[in-house]
Structures are given as C-alpha cells and as structure tokens.
Amino acid sequence: MILKYFFTEIGQYFLLMRKVFSRPEKMSIFYRQTVRELIAIGFNSVAIIGIISFFMGAAVALQTAYNTENPMYPKYLIGLGTRDSMILEFSSSVAALILAGKVGSSIASEIGTMRVTEQIDALEMMGVNSASYLILPKITAAVIFNPFLTLMSICIGIFGGFLACTQLGGLTSEDFIYGVQYAFIPFYITYSLVKTLFFAVIITSVSAYQGYYVKGGSLEVGRASTKAVVFSCLLILLFNVILTQLLLSK
Amino acid sequence: MVLTDINVTFQPGITNLIIGQSGSGKTVLLKSIVGLHDIDRGEIWFEDILFNKLDFQGKKSIRKEIGMLFQGSALFDSFTVEQNVRFPLDMFTDMSMEEKTDRVNFCLNRVNILNVNNLYPAELSGGMRKRVAIARAISLNPKYLFCDEPNSGLDPITAILIDDLISEITKEYNITTIINTHDMNSVMEIGEKILFISEGIKCWEGNKDEILNSDSEKLNDFVFANSLAKQLKERK
C-alpha cells in the first residue's frame, strides 16, 4: 500500500515535470513571469538569508573558538573552520532548509489556492499549459537567484564569524583573516553551488507539485503547504548526502 | 459512475441551460464537455470535431474558441481587472498594447463596468467579479460560452442582470452558450433550451414555456420546490 502510494506520487511528479519543462506559450510572458518570481522567490529572501547567515557564522566561529582553546591549536583554525563550515554546509544546505520553509510553503499555498479557486482550470480552459505557465518561471528564478544567495550567505557568515571572534572571542583580526585564506580549495565553492542548484529545483518543484494537485478547500491547501516543506526538507537532506558522496569522495 | 445516458445537442445563438439539484452532476457534465474531466465512455462533438479523442494540442485549439465563466469567477488574484481581461489577448494574439487596451475597454464597457481597470479582484463585489469574468471570457470572441452557476451568491436583481447580460451577448455574437444553474429565476428568464438532469441521468429536455406543464415528476419536484411556486401551481 505504502509502496503503491510512493510510486504513484513519484510517477505523478515526473508527469507534472514533463508538462512543466515544455516550451512556454509565449517567451515574452515567460520572461515577465520569471522576473516577477526572481523578486518574489529570490530578492525577497535576501534579508532572511542575510540575517540567518550572519548569526550562523558568528555561532560557528564562537563554538570553534571555545573548542580550540588548547594552545596546541593555532588560532587561525577558527577562521578556517568558519569558512569551510559556511561553504560546505551552512550556506547551501541549511540556507536551503530555511528557504524550503519560506519559499516552499509560499509556492504550495499560492498554487494550491489557485487550484481550489478554479484559477488553474481557467488557465487550462484558455488553452494555456498551466503547469508550465505557473511552475517553470519559479524553478528558473530559483535556479538563477539561489546561487547568488549562497555566495552572499558565505560572505555574510564569514563576516559574522569575524565580528563575533574579534569582538567577543578574543581573537585578532589578522588570525581570523589568515585562517579564512589558509588552504582554500576553490572546488568547495563549486560543490556548494552545485548543491544549491539541486536544492533550488527540489524546493520549487516539490512545493509546486504539492500545491498543483490539491483537492478540497483551504484546509487542504494548508496541509499541502506543510507537506511541501516536510518533503522538500527530507529531499534536501537526502540529496545533501548523495551529492556530497558524489562530489567530494576520492 | 456520475453521468449516464446523456445525449443532447446545444444550438448557437440561444441560451442552453443545464438544470438540476445540487449534486445532480451539472458541473461534472459541464467540465466533461470542455475536457476538464476525462470521460470513460461516450462522445463529445464540437461541430464536426470529436473533442474527447483529441490530444492536448487539438483540445487547445478548440479551447481558444471557448470562454468559460466559473462559479467563483476564477479571476487571477495577483492581476488587476485590466490584466485579467487582457490575459487571453497577451497569450494568444499579436495585438499591440494599444489594440489590447482598446479591446479590454470594449469588453468591460460591454459588461457595463467602468473605471475598475486598476482594481484587484479582492476589491470588487461578487456581481462585478462575475462581469469581469464575462469580459475575460468574451475577450477573444469565443464561439462557445460555458457558465457554471453564473449567479450563485448574487442577490436576485444582480442575478437577473447577469443572466440578461449573458443572454444578450449570446444573441449579439451568435455564441453557443451553455449555462449550469439551479436557479428557477434564470430558467424562466433566459431558458430557451433546458436540459434537466437528476442523479446524473437526463430526465427532461424542453424550453421555459414547456417546463411548467411537464409530466416529469422529478422535474415538477424541482421546479415547484418552494412554497410560492407550489401556491402558483395550485391556483393554476
């Protein structure tokens, strides 16, 4: 029974994606919708990602500092630890989990409400491919904008760590900056950005899927919104492991 | 099975009504005709085209000739009135912005609403929303107009205004109009051809003059359901 449900959902998801990734009716409208979504999904997430990254970076740096009080450990490890934590995990995965909550629930409830108020039926009746019209601009916007959010998150997180350590942790700015520059592996940025792209597709497509097939009323829209966040988070965590193994294993 | 044994032809230039109790299958029938529900058996023809056998692209070409008015209006919440009415024009025509604005204003004038172009659907009354939905439905000059309970949730006077508007537009543009309703005022006002269904089965077919003299027990129960109608029938 559970297996049947699982495969039905997977099949329905991929059938929806086939409809989504078809040529838009009119490119000018697709561009216009994408710009709207860039603002709604991307630009409107800058503040929350910025604030969270700042405090995450500060907390990571302070925790590293308190765990490396042994004089055997060089002080620059704090900067190095903060940098790698932000690049490898926090700015891509944790930020994606936060975006799943913010953007995912918003997408599911927006599309779900359109479904229950027959707005999607109205689109279909006009001969518009509703899946492509509604979902493709969201996926495109997230894929374009989320890498910038990740890069911004890395920078702000490291800056948060820098401020916390120099103001509260008793570390000199030279030590922290030396650590940030020490043994830098550029591929880590690529790894982080590749993860971000996958997570962007997961958040937008899974949430849109949950909203698109809502049946019922406002209660079901709320449930779809919750399911969108839960399934997005689970898939983000699963793909985090898979991509880490694929990209970082030697 | 929701619908069985329904065989009916709808004519252009007149208002065709599908009537029946709530839950009788009216909306399922209407949505099946326009392809929003897939049917298990049977045939749906639009002139000489077998609609239910068409693929997505084929249905799309027919749907461009269909205007539909949904029960809750189904206006796009994030668009203004003007953007709602302009949407089909943006999607399917190469008209210039000026031409589109002219067409939008013409459609809004035709449904008798003025100076609401920049308002959002949430700022409109129920009757105005229905009018805007009609304006959107006729913006591409449809050959077919489907209306699902166009006057539900409206007061009797506004409901009659909406019915009359649909009837006028039907005649003016020679549209094949099919309306779902359970409102007897609509039936008596604009019912030029009426199909009565009960529990998913076609029970009666006729017009507004014949409906009061029908032998169908189920139809009589429906038509004379309220006490005023019963009194009138008894006096008659």
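Scroll up to find the structure this text is about.
Notes on the structure follow. (Residues numbered from 1 in each chain as written. Chains lettered and ligands numbered in written order. Predicted model: local features only at pLDDT ≥ 70, side-chain atom pairs only at ≥ 80, totals over all residues.)

**Details of the interface of chain B and chain A**
A common way to express how large an interface is: the accessible area buried when the components associate.
In step 1: Facing 14 residues of chain B, the contacting portion of chain A comprises 13 residues.
In step 2: Elements with a contribution of two residues or more to the side of chain B that touches chain A: helix H2 (56–63), strand S4 (66–69) and helix H3 (81–92) of chain B.
In step 3: Tallying contributions element by element places H3(B) first for the side of chain B that touches chain A, with 3 residues.
In step 4: Here the residues of the side of chain B that touches chain A sort into 9 nonpolar, 1 polar and 4 charged. (Contact = placed C-beta atoms within 7 Å. Helix = DSSP H or I, 4+ residues; strand = E, 2+ residues; numbered from the N terminus. Nonpolar A, V, L, I, M, F, W, Y, C, P; charged D, E, K, R; others polar.)

**Overview of unusual backbone geometry**
Residue and element names in this part refer to chain B.
In step 1: Although it is not a glycine, Ser-73 sits at a positive phi angle of roughly 75°.
In step 2: With respect to the helices, strands and loops of the structure, Ser-73 is situated in the loop between S4 and H3.
In step 3: For Ser-73, a count of 24 C-beta atoms within 10 Å gives the class buried.
In step 4: In the Ramachandran plot, Glu-199 falls in the positive-phi region, its phi being about 50° despite a non-glycine side chain. (Buried ≥ 20, exposed ≤ 12 C-beta atoms within 10 Å, placed from the backbone.)

**Thoughts on the nonpolar core**
In step 1: If you look at the biggest cluster of nonpolar residues, it comprises 108 residues, and the most contacted ones within it are Ile203(A), Met68(B) and Phe146(B).
In step 2: Element by element, the count of residues in this core is highest for helix H6 (residues 130–167) of chain A, at 14 residues.
In step 3: Ignoring anything within four residues of it in the chain, the contact list for Phe146(B) reads Leu30(B), Val34(B), Ile66(B), Met68(B) and Ile178(B). (Core = buried A, V, L, I, M, F, W, Y, C linked by C-beta atoms within 7 Å.)

**A look at the packing of helix H8 (residues 187–212) of chain A against helix H9 (residues 218–248) of chain A**
The angle between the axes and the distance between the axes are what describe a pair of packed helices.
Residues and elements named next belong to chain A.
In step 1: Running from amino to carboxyl end, H8 crosses H9 at an angle of 155°, the nearest separation of the two axes being 9 Å. Considering their axes alone, H8 and H9 lie roughly antiparallel with respect to each other. Along this stretch, H8 crosses H9, giving a crossing that reads as right-handed. Contact residues: H8 offers Tyr-191, Val-194, Lys-195, Phe-198, Phe-199, Ile-202, Ile-203, Val-206, Ser-207, Gln-210 and Gly-211, while H9 offers Ala-224, Lys-227, Ala-228, Phe-231, Ser-232, Leu-235, Ile-236, Phe-239, Asn-240, Leu-243, Leu-247 and Leu-248. (Axes fitted to C-alpha atoms, helices over the stretch in contact; angles between N-to-C directions. Parallel < 35°, antiparallel > 145°, perpendicular 65-115°, else oblique. Left-handed = near helix turned anticlockwise from the far one by under 90°.)

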